[in-house]
Every structure is written in structure tokens, then in C-alpha cells.
Amino acid sequence: MAAAWPGRQTGHGSAGPAAGGQASPEAGKPPALEIERVSVSYGKFLAVESATLSVGAGECVAVIGPNGHGKSSMVTAVAGLVRRGGTVRVFGETLPAGDPGAAVRAGLVLVPERRHLYPDLTTRDNIMLGSYSRTRRIRARQAWEDVSGVLDMFPELTRLLDQKAGTLSGGQQQMVAIARAMAAEPRVLLLDEPCLGLAEAVARRVYDWLSMMAETDMTILLVEENPVHALMVADRAVRMYKGLVERPEVAPA
Amino acid sequence: MSEFLNLLAAGLTSGAIYGIFGACLAVWFRVCNILNLAVGDFAMIGAIGTAEIVQQDHVPFAAGIAVVLAAAGLVAWSFDRLVLHFAFDRRGGGHGIVSVFFYTFGLSLVLEGVAKAVFGTDVHGAPEIWPGPALAIAGFHVQRAGVLVIALAIVSGLVLWAYLRFTVSGRAASACGESVLGSRIVGIDSALFRRRIFVATAVLAALFGIVESPLSGFTYLSGPTISLIGVVAAGFAAFRRPGRAVAAGLAIGVAEAMLGGYVSTSYNDVLLYAILFGIIILRPEVLGLRTAAA
């Protein structure tokens, strides 16, 4: 059951997959993200079975598919949050399994499903802690000065900086989660169901922002159950079904 | 007037004891949502251990303090590596009453048993760090050990408050207690924070035991009482604010002393629980348990 899912027609730098869900390497440069035979098990249950996927630099790839087929397990394993088998490389650098700190330092940052903010900390602290891997030895005020530029992308958060994150609306919390990830200065951004639980109008705004990001040289791997949402921003999409990444046969135009 | 000042001095001294253990409990609870019910036992180890090796084994006082503090830190580190690491990092931890209370309650029982076997059941007190007669200042008298107790409590509370408020590391420590997954996502090693702060508060409690023991003396059974006092002070500080725990401890100590001095010492416990009850009714959010499991 193979299928093709052409993404948005933007004339983006990467032409999408050559075949088999693989990004075409540009002049010998390694892909931004290589996922090779990654597997994830929870006890005896195999959630992800030998997933292989490659994302070129500047490309936006969507992983779509029904709930419970391993999409979130794959990205959380890639981000080092759950144990996995297989290999993950970021711009050619192999990441150790189960080490989220190493993933962040390599430039791989996850916006998780359901956001996982720090509800009793302020919006400012939530965003600032995105930069923890490079600012952990300095004072909070200096760290904030280092990352406050992310507010240019989310100006509406400016008036919410001193509000506790747990008191924000769902859409505002999603903005904070993305801003926190951007504070880490990612080279590869993983987004897991960024619109889960959001009203349609709010979801559309999140996707407007993602479209803007996809126009930059940011590499994005987007997990999304809703293919309509996903193909609004993605260059191409692959489908996960029963823990396997299915491979489209046809590259998008 | 001098009676008031003497009661104030006594209240500040006992309040500092409340406050310091409240601060130790609050800062660790803030990081990992576990109550350290063994904090008083670390104080007991500090006091009795120093008394033993200085008075019985004739080890120089400074070296004895260093050895005992290192031992307390080693015990805390080993407990984290052998118990908490497997319970939380390997097996996903768990929430609820078992994780909040029983791991450290078990440690408390073990430390009591070991202390009884090694040190016996006698009352011990470490030598005074600042020996000499009580200080007389403006009409009130205060023991030198009491001055050190108050100073150590205030300095510890201020240092912990500043660490949490002004440093990225302190904010990261708070984030661990808010969301373990959320903290790991940005590269914060929540297990490392849990371990470091557990060891640091164990060493601080042991140091406090050494400083305080000339005033009250310690037996192998002193730990749980101290831990319970710490829980009450931490409760007044939402179990999360070490600076406020010290302030609350001092205030409770002074209130108790005044009540004891001017009315009757029989009402000390009544006062403590009346204040706690009033806060539960009027300002429940101050206790902060609403966000503890977030």
C-alpha cells in the first residue's frame, strides 16, 4: 500500500524525495536528519519497527497517519526521550540514543505533543529555558537578553511574559512551546501534533507561522494526524502505519 | 522589655531550626516533588557523628566536621544512585503517595537503625564551633550557638532564594519539578538536579546538626521530629519556596516563644496548627499542593 503525497508547491530548495522517502543529497552534503532503522518498544509492544527516513537541509517533511501507529514514538525517540534502536544523524553527526541533551546540542529540538510547559513558571522563564544547553552557567537576566529576539516571531507573547504559563490559553501555550524551541536555535525542528486540541482558527494561525518557518532554511519534521494541515506546509509527506514508514513512489512536482 | 527580647532571641533560635529544615525540604520538593523525610536524620548524623569522632576518636574538630559532611553527602549520593535512580529514571518513577513519602521515609528508618547500632542511645552534642559564654546584647542574652543557628538559617535561605530566582540553573531546577519531560526536551538533566540538590541539602542539614547540637543534643531518634518540623515550615512556604520557609520558620518560632512566655507553653502546638488551619481555610493556594503534581 504505497502512496504519493505531494506537498505545497513552493519551489523550495529541496526537490523532495528521490525515492523511498529519502531526501536527495546536495553535492555530497549529509542530509539534515537521517533516521535509520529506528525501532521503539514498550515492553513487548513494538511501536516503531525499523523506521527509515531522511530529511534534506531546509526541507519540511510531514509524517502523517492514524493515531497509535508510532508517529509520536518515532519523533520522541529521535529527540532522545525514549530508548530506541537504530541510528539518528543530524548533519552527519550520530546522536547517542536516549540522550535528549545531546540532541539539543546537535541542534535537534522537539516541540512535543501537549506542549509540556512549566505551568508554574512565567512565560518568560519557559521561553528562556529553551536556551538552557548554552546559557546554563549564566544569570537568568543575561539568558533572557540572549533569547528575547524570538519575541519578534511571536509579538503577542510580549504582554504575557510575566504571566504563569499554566494560565495561558491553549493557543498561547502552543506559541510558548514553539518559542521555547526556537530559543534553542534549532537546526532541525521536530513538531509533534502542534495543533492537537486547538480550535480550528488557532490551528490555522499556528500553521501560518509554520508556513513562514518552512520558507526559511529551517529543516522541519512535522508529525500530524491531519493530512490537510500537514500538506499546507510540508514539501512532502510520508505515512506511518503500524509502526512502519511507508514510502511514496512519486516525488512531488 | 528584657523579657520580650529574651523571648525574641529564643524564638528566633527555634524558628531558625524550623526554617532551615523547611528550606531543605522545600528546595528538593520543588525539584522532584518528593518530601525528604530523612532530612532530620542527616542532621542527626552530622551532630552525633561529629561528637563521636571528635570526642571519642580525638580527630581534630575541623577535620571531623569535614569527614562527617563528606559522609552525609556520600550517603545521600548513594541513596539517589541505588534507590531513586532505579525508581524514577529506570522505571519511570511514579507519582502519588509512595513516591512523595515512602522512599525517604525508608531511608530515615535505615539511618536511625544504623545510628542506634553504631552510636548507641545516648544523647550526643558536637563541640561548640564558637565557644564561650552567652552574648549579652542590649538587655537580652543569646547563646553563641544560637547566633550561629540563626545566621546559618538566614544565609542558607538567602542563597537558595537567590539561586532559584537569579540563575538559569535555578530556573532549570524549578522546571524539573514542573515537568520532567518538558525539562528533558530542552536538555535539562532532571536526575542530575535531583541528585545534586538532595546531596547539597543533606550536607546542609548535617552542618546544621553540628551547629545546633550544643543547644539541644541529639539521639538516634532526633531525626523524625526535626523532619516533621521541617515539613510544617515547608508547608507554610508552599513546599517550594526555601526563602519563604526560613521566614515562616522564624515567624513561627517567635510566635511560639511569645505565646509560651506570656501565656503558656501548653499552647505552642495549638498555635502552630491554628495558623496552618487558618491558611488552609483562607489562602489554600499558599500551600501550593495544587501544582505539585503538574
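Residues numbered from 1 in each chain as written. Chains lettered and ligands numbered in written order. Predicted model: local features only at pLDDT ≥ 70, side-chain atom pairs only at ≥ 80, totals over all residues.

So, the overall build of chain B
In step 1: Tallying secondary structure elements over chain B gives 11 helices and two strands in all.
In step 2: For chain B, the α and β elements follow one another from N to C terminus as α-α-α-α-β-β-α-α-α-α-α-α-α.
In step 3: Computed over its C-alpha atoms, the radius of gyration of chain B comes to 19 Å, within 12% of the 19 Å expected for a compact globule of 294 residues.
In step 4: Each of the three principal axes of chain B carries a C-alpha extent, and together these read 55 × 50 × 35 Å.
In step 5: Evaluated residue by residue, chain B yields a buried proportion of 51% over its 294 residues.
In step 6: The contacts of chain B with a sequence gap of at least 6 include a subset with a gap of at least 24, amounting to 78%. (Helix = DSSP H or I, 4+ residues; strand = E, 2+ residues; numbered from the N terminus. Rg over C-alpha atoms; globule rule 2.2 N^0.38 Å. Buried ≥ 20, exposed ≤ 12 C-beta atoms within 10 Å, placed from the backbone. Contact = placed C-beta atoms within 7 Å.)

Some points on the overall build of chain A
In step 1: When helices and strands are tallied, chain A shows eight helices and 10 strands.
In step 2: Burial statistics for chain A: of 253 residues in total, 49% are counted as buried.
In step 3: Sequence separation of at least 24 residues holds for 72% of the intrachain contacts in chain A that already meet a minimum separation of 6.

Examining the interface of chain A and chain B
In step 1: Facing 28 residues of chain A, the contacting portion of chain B comprises 20 residues.
In step 2: Broken down by secondary-structure element, the contributors of at least two residues to the side of chain A that touches chain B are α2 (100-105), α3 (123-128), α4 (132-135) and α5 (140-147) of chain A.
In step 3: With four residues, the top contributor of residues to the side of chain A that touches chain B is α2 of chain A.
In step 4: By residue class, the composition of the side of chain A that touches chain B is 16 nonpolar, six polar and six charged. (Nonpolar A, V, L, I, M, F, W, Y, C, P; charged D, E, K, R; others polar.)

Concerning helix α1 (residues 2-32) of chain B
All names here are of chain B.
In step 1: With 31 residues, α1 should cover 45 Å at 1.5 Å per step; its first-to-last C-alpha distance of 45 Å lies within 8% of that length.
In step 2: In terms of burial, α1 is a largely internal element, 24 of the 31 residues being buried.
In step 3: In the stretch just after α1, Asn33 is the one whose phi turns positive, near 60°. (Expected span 1.5 Å × (residues − 1).)

Concerning the confidence of the model for chain B
In step 1: Residues of chain B with pLDDT of at least 70 account for 93%, and the chain-wide mean is 88.
In step 2: Here the complex is predicted with pTM 0.87, and the ipTM for its interfaces comes to 0.85. (pLDDT = per-residue confidence, 0-100.)

Brief notes about the sheet that holds strand β10 (residues 244-246) of chain A
Residues and elements named next belong to chain A.
In step 1: Ordered by their spatial adjacency, six strands build an open sheet running β6-β7-β8-β3-β9-β10, and the pairing between neighbours is mixed. Each end of this open sheet is capped by a strand with a single partner; those strands are β6 (108-111) and β10. Direction aside, neighbouring strands of the sheet carry axes that sit 25° apart on average.
In step 2: Looking at chain direction, strand β3 (residues 60-64) and strand β8 (residues 219-224) are connected through five bridges and run parallel. By the bridge assignment, Ile64 is partnered in β8 with Glu224. (Pairing = 2+ DSSP bridges. Axes fitted to C-alpha atoms, helices over the stretch in contact; angles between N-to-C directions.)

Some words on the sheet that holds strand β1 (residues 33-42) of chain A
Residues and elements named next belong to chain A.
In step 1: On the basis of which strands lie adjacent, the open sheet formed by four strands has the order β2-β1-β4-β5 and antiparallel pairing. At either end of the open sheet lies a strand with only one pairing partner, and these are β2 (45-55) and β5 (93-94).
In step 2: By the bridge criterion, seven bridges tie β1 to β2 in an arrangement that is antiparallel. By the bridge assignment for β2, Tyr42 is matched with Phe45.
In step 3: Lying over the sheet, helix α1 (residues 71-78) contacts β1, β2 and β4 (85-90), oriented at roughly 115° with respect to β1.

Looking at the packing of helix α10 (residues 242-262) of chain B against helix α11 (residues 268-282) of chain B
Residues and elements named next belong to chain B.
In step 1: The contact between α10 and α11 brings their axes to 9 Å, and the two run at 140°. The angle between α10 and α11 falls in the class oblique. Crossing of α10 against α11: the hand is right-handed. Contact residues: Ile252, Ala255, Glu256, Leu259 and Gly260 in α10; Asn268, Leu271 and Leu272 in α11.
In step 2: When its residues are assigned to classes, the contact of α10 with α11 shows five nonpolar, two polar and one charged. (Parallel < 35°, antiparallel > 145°, perpendicular 65-115°, else oblique. Left-handed = near helix turned anticlockwise from the far one by under 90°.)

Regarding the nonpolar core
In step 1: Counting 168 residues, the largest nonpolar core has Leu190 of chain A together with Phe21, Ala206 and Ala233 of chain B as its most contacted members.
In step 2: With sequence-adjacent residues up to four places away left out, Phe21 of chain B is seen in contact with Val39, Gly40, Ala205, Ile226, Ser227, Ile229, Gly230 and Ala233 of chain B. (Core = buried A, V, L, I, M, F, W, Y, C linked by C-beta atoms within 7 Å.)

What to know about the environment of Gly120 of chain B
In step 1: Looking at where Gly120 of chain B falls in the secondary structure, it is placed in the loop between α4 (97-119) and β1 (135-137).
In step 2: Along the chain, Gly120 of chain B and Leu276 of chain B lie 156 residues apart, while their C-alpha atoms are 36 Å from each other.

Examining the pairing of β8 of chain A
Moving residue by residue along a regular strand, the side chains alternate between the two faces of the sheet.
Residue and element names in this part refer to chain A.
In step 1: Taken across its six residues, β8 has six buried, putting it largely inside the fold.
In step 2: Covered by surrounding structure in β8 are Thr219, Leu221 and Val223 together with Ile220, Leu222 and Glu224, the residues of both alternating faces.
In step 3: Sheet topology places strand β7 (residues 188-192) next to β8; five bridges connect them, and they run parallel. Residue Leu191 lies in a different strand from β8, and its bridge partner there is Leu222.
In step 4: As a crossover connection, the stretch from β7 through helix α7 (residues 200-215) into β8 is right-handed. (Right-handed = clockwise from strand over helix to strand, strands pointing away.)

Observations regarding the environment of Ser78 of chain B
Residues and elements named next belong to chain B.
In step 1: Turning to its location among the elements, Ser78 is positioned in helix α3 (residues 61-90).
In step 2: The exposure class of Ser78 is exposed, given the 11 C-beta atoms found within 10 Å.
In step 3: Note: C-alpha distance between Ser78 and Val199 (121 residues apart in sequence) is 9.4 Å.

Quick notes on α7 of chain A
Residue and element names in this part refer to chain A.
In step 1: The end-to-end C-alpha distance of α7 is 23 Å, a good match for the 22 Å that 16 residues give at a rise of 1.5 Å each.
In step 2: Those residues of α7 lying buried are Tyr207, Leu210 and Ala214. Around the axis of α7, the buried residues are gathered within 55° of arc, so they sit on the same side. The exposed set on the far side of α7, more than 90 degrees from its buried face, consists of Ala201, Asp208 and Met212.
In step 3: Against the buried residues of α7 lie β3, β8 and α8 (227-233). (Arc of directions from axis to C-beta.)

Thoughts on unusual backbone geometry
Residue and element names in this part refer to chain A.
In step 1: Even without being a glycine, Arg114 presents a positive backbone phi close to 65°.
In step 2: By the element assignment, Arg114 lies in the loop between β6 and α3.
In step 3: The residue Glu185 is not glycine, and still its phi comes out positive at about 55°.
In step 4: The topology assignment puts Glu185 in the loop between α6 (170-183) and β7.

Here's the deal with the packing of α1 of chain B against α10 of chain B
Residue and element names in this part refer to chain B.
In step 1: At their nearest, the axes of α1 and α10 sit 6 Å apart, and the two run at 145° to each other. Crossing handedness for the pair α1 and α10: right-handed.
In step 2: The residue inventory of the contact of α1 with α10, partitioned by class, reads 20 nonpolar, eight polar and two charged.

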